[in-house]
2 protein chains.
Amino acid sequence: MKTIVTHIGMLATPLGRGPRRGRLQGQIQTLRDAWVLMEEGTVAQAGTGPAPGADQTIDARDRLVTPGLVDSHTHLIFGGWRQHELGMKLRGASYLDILAQGGGILSTVSATRAASQEELEDKAEKALDEMLSLGTTTCEAKSGYGLDVDTELKQLRAIRELDARHPMDLVPTFLGAHAIPAEHREDRAGYLRLLCQEAIPAVAAQGLARFCDVFCETGAFTAEESRIVLEAGKAHGLIPKIHADEIDPTGGSVLAGEVGAISAEHLIVCPPEGIASMARGGTVACLLPATSLYLGAPFAPARDMIGAGVPVALASDFNPGSCPCLDLQLVMTLGCLRYRLVPEEVLTAVTLNAAAAIGMAEQAGSLEPGKQADLVIWDAPDLDYLCYRMGSDLARTVIKKGRIVSSSD
Amino acid sequence: MKTIVTHIGMLATPLGRGPRRGRLQGQIQTLRDAWVLMEEGTVAQAGTGPAPGADQTIDARDRLVTPGLVDSHTHLIFGGWRQHELGMKLRGASYLDILAQGGGILSTVSATRAASQEELEDKAEKALDEMLSLGTTTCEAKSGYGLDVDTELKQLRAIRELDARHPMDLVPTFLGAHAIPAEHREDRAGYLRLLCQEAIPAVAAQGLARFCDVFCETGAFTAEESRIVLEAGKAHGLIPKIHADEIDPTGGSVLAGEVGAISAEHLIVCPPEGIASMARGGTVACLLPATSLYLGAPFAPARDMIGAGVPVALASDFNPGSCPCLDLQLVMTLGCLRYRLVPEEVLTAVTLNAAAAIGMAEQAGSLEPGKQADLVIWDAPDLDYLCYRMGSDLARTVIKKGRIVSSSD
């Protein structure tokens, strides 16, 4: 079965099977009056001019086509929402006030522990449907709201089930080291032992995660504690990821390069030695501009990273506390407006480099022969327009592995 | 014909037929387990508990219902788009570079002059459809990309036609004083004469606008020139509006209060004397946070205005240059995050106060007996959630004058 997308006004895609660095991040292929031939769920060929024959034709009507977007950082699986903290904060409540009223991350932990796996799946599935309709065809999903072995495994099993039944490709990350749970507040060493000696071996034995992540931050885990967790993960075959330098520069980005993390996340206050370490270690910088916007925080030094040869990915950070946003189109616009990336760099950041940040660059993130036929037809004449039309959902037809999975025309 | 919306989880609405000031801006009515009875396109009654009988029932399924949103500042009618300026600016092009390559506001003027009225209507209608689907049921629309009598009238006729044929209520504003057109660059006085002696009389004679607006700014019109235009408008029955203190404080907000402007727009660098003048003059401050975000500009001192008793409205500023965004849901979120308004203040700002900013507070902007039955059923349990879910379109059923005009369930 061959399906062809014809009359593509602009086909814009990075090319390659690994992350794009430096000036190469902005070097994408753009074809005018193009077509993409898909066969057995993969891209068979892309070209311009007369289109080859196929069993089925999808007319792109002179619109922009890009690879399906890849969201390389989400906390997809959680119980409850925390909308009331917004008004509390605006009325002057401190973080401690919110904690005292039952808010903050530990309230999400309670809700996640209380929810059944099925409830978590149903809630996340609604988010996946929306992400797909907005043009995201692959996403990473983290545990990290369990903070005990059973609930962390429950979150990861929910991710596995959703990956099996939803068109979205889900890539699972174990984030048991997201916070110290209340019951271990006086026994950090005990929680680290639980993570390294019980949780990580169980996650690895059941094949429930590809990555092991840690929140390296003041009030969460120190760089030394983070190293212990990530090395334990590596010993069990889990590739390191790290939340680094979001609020305070506590050594996370330096550690990222040293342990060979596939990606480091946030990086708002990343120092030059952190950028250098990531460049040496081959780490992708996964930047989260919607979180900066939501928190009123500064924006990560994306241009410095590109200048230093660190590949930059952009992701949503979807979660109920610091970023209740799952829209990568808004992230793309913010990538231009706040990181000063040009649209070509932004496209690479939400496709090929994002795929590289989650170990999916061999099969996703670009439109070229042999890769998955994941693509989006946008209500846009060109890539600039997609980045420019802030706040409008321009995704019209979303194709996953050669099949239309969302359409809003 | 009676229609009732039942099972409203939260009915949130400001109350009144004029703008809400100071602490009253945040005092809204919230009813739980509520209903709204509509008859002949207007609200007959709203209440809680057992619902009265009706001919037709719409089940809100425990969701949030608010008044339809009112967008009190749009430049809806224009030819072309200017997406390529985004990449040019990011690559370092100055405003003059962009002008030299045919960009900037005068490129929109050229495209608008070149377009037929029908072409302008078709383009704007697509935007109106999207605005309606996002929950906006009333909008203001400005001319101002003609800068000659014929094209300004063509824009205003397009607005009149769209008001007649589209569910959206459109309220027209004459903004001939948007810029000095190229052909008058050496003859400002001549352009002012054209505005005051030809354009305004023609607009008024044909009943094509309710308001006369002016762009009071360095590089556009001085405060004294603005006063001349607004007084000429008043003499012909056009109520003053003014783009004031967006980039430089050139006296626009002070002038707003002095001439009794119904609203002043932008106000990013509004000085204390401008706030005081608006408070004395009864002027609504119409703030445009998406423009600040798009331009990387500061955000207007909204809390100072509320503190001084100036009613605050929030609007999109939808236009092809400085704010290609028409999504009031994003504007609401930015109202919380960047102006530090609480969700209740934000709701008033995009409903009743916005209606007051365009002379529509008698018939729109709140859900109470006698007002138009313009309302939105949101995929949200409460108002906080609507402001919090940044980037997600939560509008599910949009009702205009008692009739469902958009539905995405």
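Refer to the structure printed above.
Here the structure is a predicted model, which is why all the values come from computation and not from measurement. Residue positions are given per chain, counted from 1 along the sequence in the order it is written. Written order determines the labels here, with chains lettered from A and ligands numbered from 1. Totals for whole chains, interfaces and linings use every residue, but because this is a predicted model, local features are given only for residues with pLDDT of at least 70 and side-chain atom pairs only at 80 or more, for both listing and counting. Side-chain numbers come from the whole structure's heavy atoms, not from hydrogens or water.

A. Here's a closer look at the sheet that holds strand β14 (residues 395-400) of chain B. Residues and elements named next belong to chain B. Any two strands with at least two DSSP bridges between them are considered paired. The helix count covers DSSP runs of H or I at least four residues long, the strand count covers runs of E at least two residues long, and both are numbered beginning at the N terminus. One open sheet holds the seven strands; their spatial order is β3-β2-β1-β4-β13-β14-β15, and the pairing between them is mixed. Lying at the two open borders of the sheet, with one neighbouring strand each, are β3 (42-48) and β15 (403-407). This sheet shows a mean twist of 35 degrees between the axes of neighbouring strands, independent of strand direction. Here strand β1 (residues 2-13) pairs with strand β2 (residues 29-39) via nine bridges, running antiparallel. Looking at the pairing, T13 lines up with Q29 of β2. Fitted lines through C-alpha atoms give the axes, limited to the stretch in contact for helices. The angle between two N-to-C directions lies from 0 to 180 degrees.

B. The packing of helix α4 (residues 117-133) of chain A against helix α5 (residues 149-165) of chain A, seen in detail. All names here are of chain A. The contact between α4 and α5 brings their axes to 9 Å, and the two run at 50 degrees. When the interaxial angle is binned, α4 and α5 end up oblique. Of the two possible hands of crossing, α4 and α5 adopt the one that is right-handed. Where α4 abuts α5, its residues Q117, L120, E121, D122, A124, E125 and L128 lie against K154, R157, A158, E161, L162 and R165. Reported orientations rely on four angle classes, namely roughly parallel under 35 degrees, roughly antiparallel over 145, roughly perpendicular from 65 to 115, and oblique for the rest. Two helices that cross are described as forming a left-handed crossing if the nearer one is turned anticlockwise from the farther one by less than a right angle, and a right-handed crossing if clockwise. Throughout, a contact is declared for two residues whenever any of their heavy atoms are within 4.5 Å.

C. Region of interest: the pairing of β15 of chain B. Residue and element names in this part refer to chain B. In terms of strand pairing, β14 meets β15 through four bridges, oriented antiparallel. Across the sheet, I399 pairs through a bridge with I404, a residue of β15. The turn joining β14 and β15, which pair antiparallel and follow one another in sequence, is formed by two residues; a positive phi near 50 degrees is taken by K401.

D. Highlighting unusual backbone geometry. Of note, L267 of chain A is a non-glycine position whose phi angle comes to about 60 degrees, a positive value. Examined against the element boundaries, L267 of chain A turns out to sit in the loop between β10 (263-266) and α9 (272-281). One non-glycine residue, L147 of chain B, lies in positive phi territory at about 60 degrees. Note that L147 of chain B resides in the loop between β6 (136-142) and α5 (149-165).

E. Layout of the environment of L230 of chain B. All names here are of chain B. Tracing the backbone shows L230 in helix α7 (residues 223-235). Between the C-alpha atoms of L230 and R17, which are 213 residues apart in sequence, the distance is 25 Å. With residues up to four places along the chain from it excluded, the contact list for L230 reads C212, D213, V214, P240, K241, I242, L255 and V259.

F. Main features of the pattern of salt bridges. What makes a salt bridge here is a side-chain nitrogen of Lys or Arg within 4 Å of a carboxyl oxygen of Asp or Glu, nothing more. Using the criterion set out here, one finds 50 salt bridges over all chains in the structure. Of the charged contacts, one joins D409 of chain A and R61 of chain A as a salt bridge, the two residues approaching to 3.3 Å between their closest N and O atoms. On the criterion of sequence distance, the pair formed by D409 of chain A in the segment after β15 (403-407) and R61 of chain A in strand β4 (residues 56-67) is long-range, its members being 348 residues apart. Between K241 of chain B and E265 of chain B there is a salt bridge, with the nearest N and O atoms lying 3.9 Å from each other. With a gap of 24 residues between them, K241 of chain B in strand β9 (residues 239-244) and E265 of chain B in strand β10 (residues 263-266) connect regions that are remote in the sequence.

Shape descriptors only; they carry no functional weight alone.
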